[in-house]
Amino acid sequence: MKYTQLNNGVLMPLVGIGTWNLRNEECIETVSKAIQLGYRLIDTAQMYGNEKEVGLGILKSRIDRQELFVTTKIYRISNSYEKAKKAIDISLKNLQLDYIDLLLLHEPYVQGPQMYKALEEAYKEGKIKAIGISNYDEKWYQNFIKECSIIPAINQVEAHINFQKWELQEILEQHGTLMQAWSPLAQGIGNIFKNSTLVFIGKKYNKSPAQIALRFLVQRGIAVIPKSSKESRLMENIDIFDFKLTHEDIETIKQLDKNRTLFSWTESF
Ligand code: NDP
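Given the structure is predicted, the values throughout are model-derived calculations rather than measurements.

### Concerning the pairing of strand 9 (residues 178–182)
And then number 1: Taking burial as the measure, the five residues of strand 9 include five buried ones, the bulk of the element.
And then number 2: The side-chain alternation of strand 9 yields two buried faces, one formed by L178, Q180 and W182 and the other by M179 and A181.
And then number 3: Sheet topology note: the strand 8 (residues 154–158)/strand 9 ladder contains five bridges and is parallel. Bridge pairing in strand 9 links E158 to W182.
And then number 4: Read as a crossover between parallel neighbours, the route from strand 8 over helix 6 (residues 166–175) to strand 9 is right-handed.
And then number 5: Note: strand 9 against strand 10 (residues 223–224), two bridges, orientation parallel. What sits directly across from Q180, in strand 10, is A223.

### Let's talk about a nonpolar patch on the surface
And then number 1: Taken together, the side chains of M1, Y3 and L11 define a hydrophobic patch exposed on the protein surface, amounting to about 280 Å² of accessible area.
And then number 2: Relative to the assigned elements, Y3 resides in strand 1 (residues 3–5).
And then number 3: Residue class for Y3 comes out partly exposed when judged on its relative accessible area of 39%.

### Brief notes about helix 5 (residues 138–147)
And then number 1: Among the residues of helix 5, Y141, F144 and I145 are the ones counted as buried. The arc that holds every buried residue of helix 5, seen down its axis, measures 95 degrees, which confines them to one face. Exposed side of helix 5, more than 90 degrees from the buried face: K139, K146 and E147 are the residues found there.
And then number 2: Lining the buried residues of helix 5 we find strand 6 (100–105), helix 4 (112–125), strand 7 (128–134) and helix 6.

### Remarks on the site of the ligand
And then number 1: Around the ligand, a shell composed of 28 residues is seen, among which D43, K227, S228, K230 and R233 lie nearest.
And then number 2: Within the side chain of H106, a nitrogen or oxygen atom sits 3.3 Å from an oxygen atom of the ligand.
And then number 3: The fraction of the free accessible surface of the ligand (910 Å²) that becomes covered by protein chains is 90%.
And then number 4: Ranked by residues supplied to the shell around the ligand, first place goes to helix 9 (residues 231–238) with three residues.
And then number 5: Along the lines of polarity and charge, the residues of the shell around the ligand split into eleven nonpolar, eleven polar and six charged.

### Quick notes on the sheet that holds strand 8
And then number 1: Read from one edge to the other, the open sheet built from eight strands follows the order 3-4-5-6-7-8-9-10, with strand pairing classed as parallel. Either end of the sheet is taken by a strand with one partner, and the two such strands are strand 3 (17–18) and strand 10.

### Brief notes about the packing of aromatic side chains
And then number 1: Scanning all chains against the criterion turns up seven aromatic pairs.
And then number 2: Relative to F216, the ring of W166 lies with its centre 6.2 Å away and its plane at 70 degrees, an arrangement referred to as edge-to-face. Placement of W166 in helix 6 and of F216 in helix 8 (residues 209–219) is noted, with a sequence separation of 50 residues between them.
And then number 3: On the basis of relative accessible area, W166 is assigned to the partly exposed category, the value being 30%.
And then number 4: Summarising the aromatic geometry, the rings of W182 and F263 are spaced 5.4 Å apart at their centres and angled 45 degrees between planes, so their arrangement reads as tilted. With a gap of 81 residues between them, W182 in strand 9 and F263 in the segment after helix 10 (247–254) connect regions that are remote in the sequence.
And then number 5: Exposure remark for W182: the relative accessible area of 10% places this residue in the buried category.
And then number 6: With a relative accessible area of 9%, F263 lands in the buried category.
And then number 7: Through a chain of ring-to-ring contacts, the aromatic side chains of Y116, Y136, W140 and F144 assemble into a single cluster.

### Thoughts on the pairing of strand 5 (residues 69–74)
And then number 1: For strand 5, a buried count of six out of six residues is recorded, marking the element as mostly surrounded by other parts of the structure.
And then number 2: In strand 5, alternate side chains face the same way, and those of F69, T71 and K73 on one face and V70, T72 and I74 on the other are all buried.
And then number 3: Here strand 4 (residues 41–43) pairs with strand 5 via three bridges, running parallel. Looking across to strand 5, one finds that D43 is bridged to T71.

### A short note on the pattern of salt bridges
And then number 1: Enumeration over the complete set of coordinates arrives at 13 salt bridges.
And then number 2: In this structure, R40 engages E67 in a salt bridge whose closest nitrogen and oxygen atoms are separated by 3.2 Å. Of this pair, R40 sits in the loop between helix 1 (24–37) and strand 4 while E67 sits in the loop between helix 2 (51–61) and strand 5; the two residues are 27 residues apart in sequence, bridging distant segments of the chain.
And then number 3: Note that R65 is salt-bridged to D101, the shortest N-O span being 2.8 Å. In this pair, R65 sits in the loop between helix 2 and strand 5 while D101 sits in strand 6, placing the two residues 36 residues apart along the sequence. Assigned by exposure class, R65 and D101 land together as buried.

What counts and how
Residues numbered from 1 in each chain as written. Predicted model: local features only at pLDDT ≥ 70, side-chain atom pairs only at ≥ 80, totals over all residues. Heavy atoms only, no water. Buried < 20%, exposed > 50% of the residue type's maximum accessible area, 1.4 Å probe, protein only. Helix = DSSP H or I, 4+ residues; strand = E, 2+ residues; numbered from the N terminus. Pairing = 2+ DSSP bridges. Right-handed = clockwise from strand over helix to strand, strands pointing away. Patch = residues over 30% accessible without salt bridge, like charges linked within 9 Å, V, L, I, M, F, W, Y side chains within 5 Å. Areas by Shrake-Rupley, 256 points an atom, 1.4 Å probe, with all protein chains shown as cover. Salt bridge = Lys/Arg side-chain N within 4 Å of Asp/Glu carboxyl O. Arc of directions from axis to C-beta. Contact = heavy atoms within 4.5 Å. Near = heavy atom within 4 Å. Polar contact = N/O pair within 3.5 Å; in protein donor to acceptor, adjacent residues only side chain to side chain. Nonpolar A, V, L, I, M, F, W, Y, C, P; charged D, E, K, R; others polar. Phe/Tyr/Trp six-rings, centres within 6.5 Å; stacked < 30°, edge-to-face > 60°.

In structure tokens:
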């Protein structure tokens, strides 16, 4: 696994497994399997309702805790400083962990700054190793960083070949926040696994369209958290570090950018 360094020096795997729609036994098994296959980052959230199963999957894998990087997120039901403080302890309990590697505000909220204050305190207490935000566009981000005392380590946002977010990435980088891509495979929408550009480029390197789509992000320095519950795809999605896209490949993939979201719920922020 390859790592990137966050703005506080913490190392974070560039590829992790997303768990958004994994539930019950399937979640436990998939998390445990992914760790066995070499995944070292697990992405969950209180909103997904599967933190307990993620925790059980981690236990089942018997991995040394220090080798693992666990991300979770708190959301709008914890929309005050006090509620956010409690939510952090709930996540720790659900996950059966004594610290969380990365805790994010799931979406931009008007009460985000006070929720984030609870994250900053927990960070200083050592309950969380890094803190950040998710789904913040340029405007929300610029306003947010004026109000916080610790610059978010991560902004986890929708990013994939159809929504490439070059400008946001540049702004985040200027301030020391790393972009992490959710739905890096666009959930398969638009037949991305058969996309002719990705197929063509993939043939040069003997890689699948999914691997080209993920490599495109990772090579730009964007961390990715693709979800799969299938062993062969889990393996495929981390096998992206033994080749390099050329400048020409990148320019060709840039042409696929439609520069708009695939998910209407994100437009409400
Ligand atoms: P992804 O872009 O990761 O796509 C997942 C889909 O692609 C699944 O249907 C999976 O099917 C399929 N797939 C995975 N790998 C391959 C492959 N190599 N070849 C063909 N098909 C493949 O979508 P997600 O929306 O799940 O995003 C990833 C993660 O991001 C989420 O699980 C969640 O953790 C996080 N997220 C965060 C959000 C936020 O607001 N912060 C919002 C949305 C997601 P199968 O399982 O059958 O392999």
